[in-house]
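Commentary on secondary and tertiary structure
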Amino acid sequence: MTHNGKNQGHLFERLYHERLHRRGRAALQGRVGRIKSLRASAPAVRRILHALILTAAVFLFMGAGDDSARFKDLGHRMMCTCGCGQVLLECNHVGCQSSDKMRNQLQAALDKGDNDDLILQGFVQEYGPTVIAAPTATGFNRVAWIMPFVALAFGIAFVVYVVRSWKNRPAPALADGITIPRGSELDEFRQKARKETDL
Amino acid sequence: MSQIGSFALLLALGLSAYSFLAGLVALFRQDASSARLGETARRAGIATFAAVLLAGIVLVVAAFNDDFSIAYIFHHSNRDLPAAYKFAVLWSGQEGSLLFWSLLLAGYGFVLRLRYKTDQRLFAHASVVIASVQVFFLLILNFAAHPFAIMQGALPADGTGLNPLLQYPEMVIHPPMLYLGYVGFTVPFAFALGALIMKYPGEKWIQITRRWTMVTWCFLTIGVFLGAHWAYAVLGWGGYWGWDPVENASLMPWLTGTAFLHSVMMQEKRGMLKVWNMSLIFATFLLSMLGTFLTRSGVISSVHAFAQSSIGTWFLVFIGLTLAVCTFFLVANRSHLKSEHKLESLVSRESSFLFNNLLLLVVCFTILWGTFFPILSEFVQGHKVTVGPPFFNRVAVPVALLLLLLTAVGPLLAWRKTSIESLKRNFLFPAIGALAVGGMMILFGVRPWEDPSYFYATMAAVLSALVIFTVISEFLRGGRVIAGKSQQNLFAAMAHLCHRNTRRYGGYIVHFGVALVVIGILGTPFNKEVEKEMGFGDKISLGPYTLVCQSYTQDDNPNYGNEWAIINVFRGGKQITTMYPERRFYKASGQPQTLPRIYPSFREDFFLVSDVYLVYEGKNETTGRPIIKAHLNPLVPWIWIGLIIMVFGTIVALVPNAAAVQVAATTPVRAPAQVGAGD
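What counts, and at which threshold
Residues numbered from 1 in each chain as written. Chains lettered and ligands numbered in written order. Predicted model: local features only at pLDDT ≥ 70, side-chain atom pairs only at ≥ 80, totals over all residues. Helix = DSSP H or I, 4+ residues; strand = E, 2+ residues; numbered from the N terminus. pLDDT = per-residue confidence, 0-100. Contact = placed C-beta atoms within 7 Å. Axes fitted to C-alpha atoms, helices over the stretch in contact; angles between N-to-C directions. Parallel < 35°, antiparallel > 145°, perpendicular 65-115°, else oblique. Left-handed = near helix turned anticlockwise from the far one by under 90°. Nonpolar A, V, L, I, M, F, W, Y, C, P; charged D, E, K, R; others polar.

Focus on unusual backbone geometry
All names here are of chain B. Of note in the backbone geometry, Trp243 takes a positive phi value of approximately 55° without being a glycine. You can see Trp243 is positioned in the loop between α9 (204-235) and α10 (245-270). In this model, Leu635 sits at a positive phi of 70°, which is unusual for a non-glycine residue. One can find Leu635 in the loop between β10 (626-634) and α19 (637-654).

Quick notes on the confidence of the model for chain B
When pLDDT is low, close inspection of the predicted coordinates is not appropriate. All names here are of chain B. For chain B, the average pLDDT comes to 87, and 94% of its residues sit at 70 or higher. Here strand β7 (residues 592-595) stands out as the least confident element of chain B, with mean pLDDT 84; α19 is the most confident, with 95. Under a pLDDT of 50 for its full length, residues 661-679 has, in the predicted model, 30 contacts with residues more than four places off or in other chains. Predicted as a complex, the structure gets a pTM of 0.83 and an ipTM equal to 0.80.

A look at the environment of B:Phe427
Summarising the element assignment, B:Phe427 is placed in helix α15 (residues 420-443). Taking the C-alpha atoms as reference points, B:Phe427 and B:Arg500, 73 residues apart in sequence, are found 24 Å from one another.

Focus on the packing of helix α8 (residues 186-197) of chain B against α9(B)
Residues and elements named next belong to chain B. Viewed as axis vectors pointing N to C, α8 and α9 meet at an angle of 160°, and their least axial separation amounts to 8 Å. Taken together, the axes of α8 and α9 lie roughly antiparallel to each other. Crossing angle aside, the handedness with which α8 passes α9 is left-handed. On the side of α8, the interface is formed by Val187, Pro188, Phe191, Ala192 and Ala195, while α9 contributes Trp205, Ile208, Thr209, Trp212, Thr213 and Thr216. Of the residues belonging to the contact of α8 with α9, the class tally is 8 nonpolar, 3 polar and no charged.

Next comes the structure, spelled out in structure tokens:
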């Protein structure tokens, strides 16, 4: 019994291993099959993958660049504080104490290796929130960015509502004996009218 | 002198108040005597013009006579001010510009009251509305911002001079144009309100005001663009539009006025959008007033604003009252404004106008929102935030691009319904052309995926090309038919075509101009700039140009002293021009002024023209050498050419149509539907 049991155990073990092996082979075959089918469709998939990676890369690196590009970008995201109302890099007063100092500060921060947010925060701390040329996307300032798009969405909804209500409006009653031409009959009239009124 | 001016202003107030009250009574009383009363009101309105004109003349004469006993002349003029700028003194300060505003309004009212026979009752209503606006301005002039106020104390020997920024030829033209636009919208507003109050039957009031509206719109367009050009040519930062609150204030009524010009066609042709059109013209007038309030109240800081004063409250009250009156009559008489037709298809001229209006108003709302957000932020958060160019560029530009798409598509859609085949037929050539332009940009090295600004520039180029090709294809299509029928050459046929339907083809020309303006703007991401201290023979490389400093010097005259550099511009080793960037120091005001010099390179590269823009920024006090900032601004000249074409298109649209060629109909047509892409 024990032996039998041992044999049975071996048998079960062997069967188990064979099943495992079969499963593995099947799985392997399945994988190979899938790989083969993938290879068959590789050009299309690869192209899509490449496109996705490229797109992601484009969006990831959009706006990124060397220090001079960052200087230009950040310099256009801040205002000169001399009261001229100009964007920092567009303040053209020779000897303007504010813009010269701020440009030097910006360059120093870039040289130090600070990231954009840190640099802007530093300027806000020193010059106040009005130094940033556009509202930040935080707190109540978000409303500034959202409202135009809300207005656009409401506007579109309103236009759609107006158009639908116009379309569903019953046509004005016609005098007896007059019918409005439709379909091909209308097209015929259109053609005729176009022909006779075309310039 | 000042007594004559003060008397003229008081007289004008009395006359306009009489014109308003007597006109109002005459409209409400329906007896025999009301006609005579109405006539006296009309004549009082005409006399108002004479009185305000007298006040204006007195102020100008006082400027020419250096009458510094008048505080306004002391603050805005000086003895050595050139004559042309002495004339401009009239609109260079708070009080004078309000007088100028009042004068223009009285002038418009004068013309309107002379033409009253067109429709006496409607004109009487409009005259009363104009008189009410006139009374408001004359009240301010007499009691809050008096232009003839007398200087206290000893008589000064000389004035403090005109603001140096205003001492530029364009500033003699820009404010009158802008004011003619702002004030001019009072006329269609007055007719609209009058028509609403009297429940005027039909759309005749629109036909009466059509030319007024177009002329006004044209003035406002010129005013806005001249303002941009002045900023470009005088402020010296190399740009023309900084989204300053005052610039925004001029753009907002322009946007709603443009929307009105489009949507009013729906009312004329299909009897639709009546409430909408009323609302649009009311909004345009109110935005004109809001712009005036913004520049004069001091609530928003701007480089263009007049000094802070108390008249902001007057404007707020007036705007509130006007809004209340307009809203009351819109609600009370809404049954009169019911639409007469239904929309048949989404792909039609009607729906394109709806979306055009929507986008114009969204841009307008965005600008209004951005302009007032600092105040709102202060109210909510306790501190102001800046809403500058990055905000407007990011939010308004995408919507403006959609608008450009509609500018291309809209005119080719027929009233009521457009078939897909007709769309394909009309758009194939323009779409191919537009895509080719996009392809060429990429071929020449523009990478729209590298930077959002390049993406917008490419989109703007493609859509502008679409507008241009659409307009060209429309002219060619119509021209060929006429040429075929009349044996004329194609250009003569196109001119004939234009004359046959001036409004439609004038509109196309305006669209063409708009596309050129957009082309001029889209060069912005490709701007280059270099700043350098330049001694004799020093060079700056700027794109394909080499700038060589030949010399620098200084000069002096009674009005100002100046420093300037002589810069030779070379391209490909050949000298193409010499430029003289300058900096002035005005003696009376003690203020400096930069005068950039601009060279548009039309001779070198016509289509891809660039501005070489030089600014004399100042002098290094240690070395004594000038600091020159050089900008290369691609395509900017197209903006000003676009403006000229827009004005030309408006003039064409104002010309009456030539008599239509009679085509004998062989078979009677039963359904007189308006089909095809009419105006």
